[in-house]
Amino acid sequence: MQNRQIMRNVILMIVSLCTCISSPYCCGYEQGYFVDIPANSWYEASVGICFDRGIMLGTGDKCFSPEQNLSREECSVLALRVYDLEHGGTSVFEKAPDGWGIIELKIGESMTLTGIAYDGSPVNGYSSEITWSLAKTNRRGFEAEKAISMEFPFGDPNTSSGYDLRDCTAELTIGGITYTGRMRDSILSNASGFRVYFEPDSPGDFCPTLESIWGYGVEPEVWYRDAWYYACMNSVPLSVLTRWGTAIRTEYAFKMWSVANLNLEAINTFANVPDCNQYYVLDLYNAGILTGIDDLGNFNPNGTLSRAEAATMAARILEPNLRIKQERQRDS
């Protein structure tokens, strides 16, 4: 009796495995799981693969929201998850250390400013006292190629309303490493601010640390912080990371081409894409990952991107058997 039960369990296991292998999507997704994914729709299998591989989950209440547009941050994170899977990972990112991407500057005895290692204006009120940028400079005998440039909203340093920070001692902490130095070259830039530079005492150690983190830093508590940390630690090009706003189709195509271009075997021979001259879009057409939005093969490069479209492209990168071979080739 016991042997018969063991045999029955083995048979059930084999049947279960065979069912998973023959499924049009992977075995973690079941048809009907998302209430807004029609059965046998053109994107259902792609959604199932993305869900099973952990790169796209639902939007809540068992919905996937296939028509919802993706933000730039969502497209960046999705591309990073594909990149991780393509490199043997699990698409789950390690938590970023608390101080990662944050720059703290202490000037003299009384002034402490905090910023983010990212070019551009302050975001969401964070770093409201300071705007950081990376500048090549050889000022005041500082021979290193890189320096931190900071613009302070303190007014004219030559008046009583401003602060002259020239030659003040300073400590700059980047990713938990503290460098000592001085503030140099105060330059009047406009009626409301002036520019100074942090000059480290040991630029040889300072510059590699600065270069390794610059551009990847993000504010604390943002939902994609761990993904940006992953990109930094794995030297994923900064061009894959964009944020602030709704993504357009060419942006997503470029991100996906960037993380998968070593795995894009051409199965089509298109000479061009009618409404888009970007080389990476053409590569994705010829790899069978993109097929166009109409019979002419137009791409609509500046259009928005739905979650269903994003899932389809990602699934075709991860599962080459889903790629589309098209017999009719377009001439240039």
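Quick caveat: nothing in here was measured; it's all calculated off a predicted structure.

Caption draft 1: Quick look at the overall build of the protein chain. Each helix and strand in the protein chain was counted, giving 8 helices and 7 strands. Taken across its 332 residues, the protein chain has 46% of its residues classed as buried.

Caption draft 2: Focus on unusual backbone geometry. Notably, N40 is not glycine yet its phi reads approximately 65 degrees, a positive angle. Looking at the element boundaries, N40 is found in the loop between α1 (2-22) and α2 (44-53). Of note in the backbone geometry, N300 takes a positive phi value of approximately 60 degrees without being a glycine. Inspection of the secondary structure puts N300 in the loop between α7 (279-286) and α8 (307-318). Looking at N300, the relative accessible area reads 34%, which means it is partly exposed.

Caption draft 3: Geometry of the environment of I317. Its location among the elements puts I317 in helix α8. Look at I317 and you get buried, because its relative accessible area is 0%.

Caption draft 4: Main features of the packing of aromatic side chains. The final tally for this structure, using the stated rule, is 17 aromatic pairs. Measuring from centroid to centroid gives 4.6 Å for Y224 and W228, while their planes differ by 50 degrees, and the two rings are tilted. An angle of 25 degrees between the planes, with centres 6.2 Å apart, marks the rings of F254 and W257 as stacked. In this pair, F254 and W257 both sit in helix α6 (residues 249-260), 3 residues apart, roughly one turn of the helix. Summarising the burial analysis for this pair, F254 and W257 share the class buried. Lying over the aromatic face of F299, R249 brings its terminal NZ or CZ to 4.7 Å of the ring centre.

Caption draft 5: View of α8. Taking 1.5 Å per residue, 12 residues should reach 16 Å; α8 reaches 16 Å between its end C-alpha atoms and fits that length. Counting buried positions along α8 gives 11 out of 12 residues, so the element sits mostly inside the fold. Lining the buried residues of α8 we find α2, α3 (72-86), α6 and α7.

Caption draft 6: Quick look at the packing of α3 against helix α5 (residues 225-233). The N-to-C vectors of α3 and α5 enclose an angle of 50 degrees; their axes lie 10 Å apart at closest approach. Relative to α5, the element α3 is oriented oblique. Our pair here, α3 against α5, has a crossing hand that is left-handed. The segment α3 lies against α5, with E73, S76, V77, L80, Y83 and D84 engaging A227, W228, Y230 and A231.

Caption draft 7: View of the side chain of R323. Mapped onto the elements of the fold, R323 is located in the segment after α8. Looking at R323, its side chain comes within polar contact range of the main-chain oxygen of I317, at 3.1 Å.

Caption draft 8: Spatial organisation of the nonpolar core. With 82 residues, the main nonpolar core has I55, L80, W100, Y252, M256 and V281 as its most contacted residues. If we ignore the near neighbours within four places in the chain, the residues touching W100 are I213, Y216, G217, V218, R225, W228, Y229, C232 and M233.

Caption draft 9: Here's a closer look at the pattern of salt bridges. Counting across every chain of the model gives 5 salt bridges. Residues E251 and R72 are paired through a salt bridge, measuring 2.8 Å at the closest nitrogen-oxygen approach. Taken together, the residues span a long stretch of sequence, with E251 in helix α6 and R72 in helix α3 at a distance of 179 residues. As a salt-bridge pair, R243 and E219 come within 2.8 Å of each other at their nearest N and O atoms. Here R243 is found in the loop between α5 and α6, whereas its partner E219 is found in the loop between α4 (203-213) and α5, with 24 residues between them in sequence. R243 gets classed as buried once you look at its relative accessible area, which sits at 3%.

Caption draft 10: Main features of the confidence of the model for the protein chain. Looking at the protein chain as a whole, its pLDDT mean stands at 77, while 71% of the residues score no less than 70. Here residues 1-27 scores under 50 on pLDDT; set against residues more than four positions off or in separate chains, the count is 14 contacts.

Caption draft 11: Representation of the side chain of R249 in the model. Among the secondary structure elements, R249 is positioned in helix α6. For R249, a relative accessible area of 8% corresponds to the buried category. The contacts of R249, once residues within four sequence positions are left out, are I293, F299, N300, P301, G303, T304, L305 and E309.

Cut-offs applied
- Residues numbered from 1 in each chain as written.
- Predicted model: local features only at pLDDT ≥ 70, side-chain atom pairs only at ≥ 80, totals over all residues.
- Heavy atoms only, no water.
- Helix = DSSP H or I, 4+ residues; strand = E, 2+ residues; numbered from the N terminus.
- Buried < 20%, exposed > 50% of the residue type's maximum accessible area, 1.4 Å probe, protein only.
- Phe/Tyr/Trp six-rings, centres within 6.5 Å; stacked < 30°, edge-to-face > 60°.
- Lys NZ or Arg CZ within 6 Å of the ring centre and 35° of its normal.
- Expected span 1.5 Å × (residues − 1).
- Contact = heavy atoms within 4.5 Å.
- Axes fitted to C-alpha atoms, helices over the stretch in contact; angles between N-to-C directions.
- Parallel < 35°, antiparallel > 145°, perpendicular 65-115°, else oblique.
- Left-handed = near helix turned anticlockwise from the far one by under 90°.
- Polar contact = N/O pair within 3.5 Å; in protein donor to acceptor, adjacent residues only side chain to side chain.
- Core = buried A, V, L, I, M, F, W, Y, C linked by side-chain atoms within 4.5 Å.
- Salt bridge = Lys/Arg side-chain N within 4 Å of Asp/Glu carboxyl O.
- pLDDT = per-residue confidence, 0-100.

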